[in-house]
Amino acid sequence: MSLPLLALGLMSLTLQGPATEKFAKAAVASDHVLASEAGVEVLKAGGNAVDAAVATGFALAVTFPAAGNLGGGGFLVFRSATGESMTVDYRETAPALATRNMFLDGVGKLTDRSVLGHLASGIPGTPAGLWAAHKRWGKIRWKQCLAPAIRLARKGFQLNHELATEFAGLAEEGRKKGFLETYRVFGRSGNPYRAGDLFKQPELAETLQRIADFGPDGFYKGRTAELLVAEIKRGSGLISAEDLANYKPVFREPLTGKFLDYEVVTMPPPSSGGIILLQMLGMIEPEKLRSEGFGSSGAIHSMVEVMKRCFADRAVWMADPDFFPVPVEKLLDPAYLRQRRANISDRATPSADIQTGLPTSAEHEETTHFSIVDSEGNAVSNTYTLNGGYGSKVTVTGAGFLLNNEMDDFSAKPGTPNMFGLVQGEQNAIQPGKRPLSSMTPTLLVKEGKIALVVGSPGGPTIINTVFETIVNRTLFGLSAQSSVSAPRFHHQWLPDEISIEALGLSKDVATALQSRGHKLRTRTAQGSCHLIVVEPQTGLRAVGCDRRQSTAGLAGY
Ligand code: DON
């Protein structure tokens, strides 16, 4: 059910909760309705999609701290109305003092320190990444883009039941583990927040103000950097003042490919998402899939077989391209994809029979994606994360923001599954300055030279399949924008050898048909939180907000 909320000025509309809405000119879809509104506020002040991405990105750090962040990192894919496309890689990097075996104990066993506490954090990339995007493409002043986030942090916003409940759990964990700033900020030092309470974050407002006043120097140097390094020392972590001063985002050419009548523009390594997405779109056979039909056991089988083969490649061939020569062209070569497809039969191929050389890795589930299209036709697809929900659970004392646990996306122990059950290889082992392999897949589709679709999702390795299925649902099966997002999702990541399917996602006879082909099925809770904008030449924009995980998700536009 969609719930119309207050309108943001004349003719603008805001919707919270599972919804589709049509907008004539511009739209922002994110995991928090106030963050979507922040983007629209900036668009209406004359900003473009990148200005709106800065506003939404910083606002999510205030209103959706499970994944919206200053202390994490991510990827932004941009396409201008004039056809320039480019990505910003602001993924975290490993500290200079990081070592290959830093997460193993004395007998070589994996500890939980890659997930929890001060050692789990890579150097945050978000403030530098949003700054770099703004410097290159932004239209209005940086300060203006941060104003909504600062206001939300300073004046507060009302918590709903879900956020208040999550904060109580986080605060309790902070208390138990000795992350006392987390206990203080999110648990009001033992006086837990309840639904309807105003959540004010004065320290975060100050940190945002320093970023507004001094750009990246307001985070990577000066007071914020001092507070961050002091916090890291308190918990015997590794991030130093030099690490912070040295952090650099990277502009990377997007990966592009053809699918049906569309040009797909997506994220290159250090994400595995773009490669795997293009491999899968290149391996499926559109006519066969169409004749099998949406939701049929045949179509699910065809798509799952492709997933397995691509995730097997991930385990061996994908990592930070600045440290490992990822053979992107070979992995995307149509001849290679045809050869990979050749042994797909009517039966499930056991993962053990799919050659990879090494097992792959897994990832955590709390990230956030937003999609933006402005009135000129510029578009941003942005996915960023702390990795796990609320990251390392460590809040920087006096600075009001949480730190990531992205170090767990490295192969902390090559061959051993990580928090997402991914088994990863040697190529993704920890090295100073390296970026851990990601699955985030912010993506744009272009048709006849114009932006046609903006999509992305959280969900660790499931991200890639959520984006794949949403694109196939819309472009190949011709589902409506809403149905493309709402359709039940399924996931296979090669190891473990099983299809996970959203509960209620399959009718019994389809499940039985898949099992009789040799597939192992497991039901799971919601997969991803996908925000989609479809641009239709005749009717304008159609934005679809998440109908799965985020009770706060919302659309704004005009
Ligand atoms: O970069 C990655 O692939 C992971 N750190 C993403 C984690 C994630 O999506 C958690 N979200 N739901």
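Residues numbered from 1 in each chain as written. Predicted model: local features only at pLDDT ≥ 70, side-chain atom pairs only at ≥ 80, totals over all residues. Heavy atoms only, no water.

Undergrad: Can you walk me through the overall build of the chain in this structure?
TA: What the chain contains, in helices and strands, is 18 helices and 21 strands. For 558 residues, the compact-globule estimate of 2.2 N^0.38 gives 24 Å, and the chain sits close to it at 22 Å. Projected onto the principal axes, the alpha-carbon positions of the chain cover approximately 65 × 60 × 40 Å. The burial tally for the chain puts 63% of its 558 residues in the buried class. In the chain, once contacts between residues fewer than 6 apart in sequence are set aside, the share between residues at least 24 apart is 73%. (Helix = DSSP H or I, 4+ residues; strand = E, 2+ residues; numbered from the N terminus. Rg over C-alpha atoms; globule rule 2.2 N^0.38 Å. Buried < 20%, exposed > 50% of the residue type's maximum accessible area, 1.4 Å probe, protein only. Contact = heavy atoms within 4.5 Å.)

Undergrad: I tried to follow the pairing of strand 15 (residues 450-455) on my own but got confused; where do I start?
TA: Both faces of the sheet carry side chains from a regular strand, because those side chains alternate between them. Among the six residues of strand 15, five are classified as buried, and the element is accordingly described as predominantly covered. Sheet topology note: the strand 14 (residues 443-447)/strand 15 ladder contains five bridges and is antiparallel. Note on strand 15: the bridge partner recorded for Val446 is Ile451. The turn joining strand 14 and strand 15, which pair antiparallel and follow one another in sequence, is formed by two residues; a positive phi near 45° is taken by Glu448. For strand 15 and strand 19 (residues 532-536), the ladder comprises two bridges, and the chain directions are antiparallel. From the neighbouring strand, Leu453 faces strand 19, where its bridge partner is Val534. (Pairing = 2+ DSSP bridges.)

Undergrad: What exactly am I supposed to notice about the pattern of salt bridges here?
TA: One pass over the structure, following the stated rule, counts 27 salt bridges. Between Arg100 and Glu426 there is a salt bridge, and its shortest N-O distance comes to 2.4 Å. Here Glu426 lies in the loop between strand 13 (379-385) and strand 14 and Arg100 lies in the loop between strand 6 (85-90) and helix 3 (126-137), a separation of 326 residues in the sequence. By relative accessible area, which is 42% here, Glu426 ends up partly exposed. (Salt bridge = Lys/Arg side-chain N within 4 Å of Asp/Glu carboxyl O.)

Undergrad: Is there a simple way to think about the packing of helix 11 (residues 273-283) against helix 16 (residues 462-476) in this case?
TA: The angle between the axes and the distance between the axes are what describe a pair of packed helices. The interhelical angle for the contact between helix 11 and helix 16, taken along N-to-C directions, is 40°, at an axis separation of 10 Å. On the basis of their axis angle, the class for helix 11 and helix 16 is oblique. Crossing handedness for the pair helix 11 and helix 16: right-handed. The residues of helix 16 that touch helix 11, namely those facing Gly273, Ile276, Leu277, Met280 and Leu281, are Ile464, Asn465, Val467, Phe468, Ile471 and Val472. Its residues placed into classes, the contact of helix 11 with helix 16 shows nine nonpolar, two polar and no charged. (Axes fitted to C-alpha atoms, helices over the stretch in contact; angles between N-to-C directions. Parallel < 35°, antiparallel > 145°, perpendicular 65-115°, else oblique. Left-handed = near helix turned anticlockwise from the far one by under 90°. Nonpolar A, V, L, I, M, F, W, Y, C, P; charged D, E, K, R; others polar.)

Undergrad: I tried to follow the sheet that holds strand 19 on my own but got confused; where do I start?
TA: Across a sheet, paired strands are connected by hydrogen bonds in the backbone, their directions being either parallel or antiparallel. The antiparallel open sheet is built from seven strands, whose spatial order is 3-20-19-15-14-11-10. Edge positions in the sheet fall to strand 3 (20-23) and strand 10 (255-259), since each has one partner strand and no second. Recorded for the sheet is a direction-independent mean angle of 25° between the axes of neighbouring strands. Bridge count for strand 10 against strand 11 (residues 262-266) is five bridges, and the pairing is antiparallel. Bridge pairing in strand 11 links Leu255 to Thr266.

Undergrad: Can you help me understand the nonpolar core in this one?
TA: Taken as a class, soluble globular proteins show a tendency for nonpolar side chains to be buried jointly. Phe58, Leu70, Leu76, Leu146, Leu208, Leu228 and Phe401 are the most contacted members of the largest nonpolar core, which has 81 residues in total. The element contributing the most residues to this core is helix 2 (residues 49-63), with 11 residues. When sequence neighbours within four positions are dropped, the list of residues in contact with Leu228 reads Pro124, Phe219, Ile239, Leu244, Val396, Phe401 and Leu403. Formed by 78 residues, the second largest nonpolar core is a distinct cluster that contains Tyr262, Ile533, Val534 and Leu555. (Core = buried A, V, L, I, M, F, W, Y, C linked by side-chain atoms within 4.5 Å.)

Undergrad: Help me out: how do you make sense of unusual backbone geometry in this one?
TA: The phi angle of most residues is negative, glycine excepted, and most peptide bonds adopt the trans form. The omega torsion of the bond from Pro269 to Pro270 falls at 20°, within 30 degrees of zero and hence cis. Positionally, Pro270 belongs in the loop between strand 11 and helix 11. A cis amide bond links Leu495 to the next residue, Pro496, at an omega of 0°. The topology assignment puts Pro496 in the loop between strand 16 (490-491) and strand 17 (499-502). Its identity is not glycine, yet Glu448 carries a phi of approximately 45°, on the positive side. Within the secondary structure, Glu448 is located in the loop between strand 14 and strand 15.

Undergrad: What is the right way to look at the confidence of the model for the chain in this model?
TA: Low pLDDT marks stretches whose predicted atomic positions should not be read closely. Per-residue confidence for the chain gives a mean pLDDT of 93, with 95% of residues at or over 70. Under a pLDDT of 50 for its full length, residues 1-10 has, in the predicted model, 22 contacts with residues more than four places off or in other chains. Confidence drops under a pLDDT of 50 for residues 357-364, and excluding neighbours within four residues, the segment shows 59 contacts in the predicted structure. (pLDDT = per-residue confidence, 0-100.)

Undergrad: Any chance you could explain the sheet that holds strand 17 here in plain terms?
TA: Pairing within the open sheet is mixed, and its three strands lie in the order 16-17-18. The sheet terminates laterally at strand 16 and strand 18 (521-524), the two strands that pair on one side only. Inspection of the sheet shows strand 16 paired to strand 17 by two bridges, in the antiparallel sense. Note on strand 17: the bridge partner recorded for His491 is Ser500.

Undergrad: Before we go on, may I ask you to explain helix 15 (residues 334-341) in this structure?
TA: Note that an α-helix has 3.6 residues per turn; residues three or four places apart therefore point the same way. Taken together, the buried positions of helix 15 are Tyr336, Leu337 and Arg340. Projected down its long axis, helix 15 carries its buried residues within an arc of 100°, all on one side. For helix 15, the exposed residues set more than 90 degrees away from the buried face come down to Pro334 and Gln339. For helix 15, the secondary structure elements touched by its buried residues are helix 11, helix 13 (297-317) and helix 14 (328-332). The backbone nitrogen of Ala335 lies 3.0 Å from a side-chain oxygen of the residue at the head of helix 15, namely Asp333. (Arc of directions from axis to C-beta. Polar contact = N/O pair within 3.5 Å; in protein donor to acceptor, adjacent residues only side chain to side chain.)

Undergrad: How should I be thinking about the packing of helix 2 against helix 4 (residues 142-155) in this particular structure?
TA: In contact at an axis separation of 8 Å, helix 2 and helix 4 are set at 20° when each is read in the N-to-C sense. In terms of orientation, helix 2 lies roughly parallel with respect to helix 4. Considering only the axes of helix 2 and helix 4, their crossing is right-handed. Here Asp51, Val54, Ala55, Phe58, Ala59, Val62 and Thr63 of helix 2 come into contact with helix 4, specifically with Trp142, Cys145, Leu146, Ala149, Leu152 and Ala153.

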